[in-house]
Amino acid sequence: MATPEFITALRATAGTQLLWLPGVTAIVFDDEGRVLLGRRTDTRKWSVVGGIPEPGEQPAACAVREVFEETAVHCVPERVVLVQALQPITYGNGDECQYMDITFRCRAVGGQARVNDDESLDVGWFAVDALPELNEFSQFRIKQALSDAPTWFDPMTLG
């Protein structure tokens with residue numbers, strides 16, 4: 001995965017210390033109700049599409065950009081389905097990050113699903129009752145995108 005230029009610049013002074021970063025996930029459905037997934041080059045596993053907004057980029061615009069960059073599919077965000085602070089992660093090079101993920105339900109409006117960059121090994125549409133093996137992150141976001149419930153957020157614990 002290519003590290004965005006602004007993060008590379010931050011890392012030049014911040015080192016590997018924890019960075020708090022925005023993240024966007026796009027759950028894209030086509031007219032048949034299938035969900036768009038990509039098989040990642042780093043893990044070789046199927047996953048939902050997502051990425052990091054560029055400085056000043058709106059989260060919905062990031063979702064549209066990431067979907068097109070990774071899959072060649074054009075989409076329109078319909079609603080926010082989830083907002084969640086994720087657990088900190090440490091990458092192989094020692095860099096630490098923690099993401100605030102905003103997940104959008106999106107509707108495909110054009111393009112043909114295909115590998116469109118070096119982040120994916122494969123791209124495809126899947127019926128929601130015939131999904132490949134997915135991690136909990138992806139499964140939960142698809143479940144929330146299928147729901148008509150209000151935007152999900154982690155319930156607050158008041159002390």
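Our subject is the structure listed above.
Residues numbered from 1 in each chain as written. Predicted model: local features only at pLDDT ≥ 70, side-chain atom pairs only at ≥ 80, totals over all residues. Heavy atoms only, no water.

Colleague: What am I meant to see in the overall build of the protein here?
Modeller: Along the protein, the regular secondary structure elements total three helices and nine strands. The C-alpha radius of gyration computed for the protein amounts to 16 Å, which stays within 12% of the reference 15 Å derived for 159 residues, consistent with globular compactness. For the protein, the C-alpha atoms occupy an extent of roughly 45 × 45 × 30 Å along the three principal directions. Burial analysis of the protein (159 residues in total) assigns 37% to the buried set. (Helix = DSSP H or I, 4+ residues; strand = E, 2+ residues; numbered from the N terminus. Rg over C-alpha atoms; globule rule 2.2 N^0.38 Å. Buried < 20%, exposed > 50% of the residue type's maximum accessible area, 1.4 Å probe, protein only.)

Colleague: Before we go on, may I ask you to explain the side chain of T103 in this structure?
Modeller: In this fold, T103 is placed in strand 7 (residues 96-110). Overall, the relative accessible area of 0% leaves T103 in the buried class. A distance of 2.6 Å separates the side chain of T103 from the side chain of D101, its partner in a polar contact. (Polar contact = N/O pair within 3.5 Å; in protein donor to acceptor, adjacent residues only side chain to side chain.)

Colleague: Help me out: how do you make sense of the environment of I7 in this one?
Modeller: Residue placement: I7 occurs in helix 1 (residues 5-14). Between the C-alpha atom of I7 and that of P59, which follows or precedes it by 52 residues, the distance is 17 Å. When residues no more than four places from it in sequence are discounted, the contact partners of I7 are L19, L21 and I52. (Contact = heavy atoms within 4.5 Å.)

Colleague: I tried to follow the packing of aromatic side chains on my own but got confused; where do I start?
Modeller: Throughout the structure, instances matching the rule amount to two aromatic pairs. Aromatic side chains W46 and F126 sit 4.9 Å apart centroid to centroid with 75° between the ring planes, which places their arrangement in the edge-to-face category. One end of the pair, W46, is in strand 3 (residues 46-47); the other, F126, is in strand 8 (residues 120-126), with 80 residues separating them in the sequence. Comparing W46 with F126, the two get one shared label, buried. (Phe/Tyr/Trp six-rings, centres within 6.5 Å; stacked < 30°, edge-to-face > 60°.)

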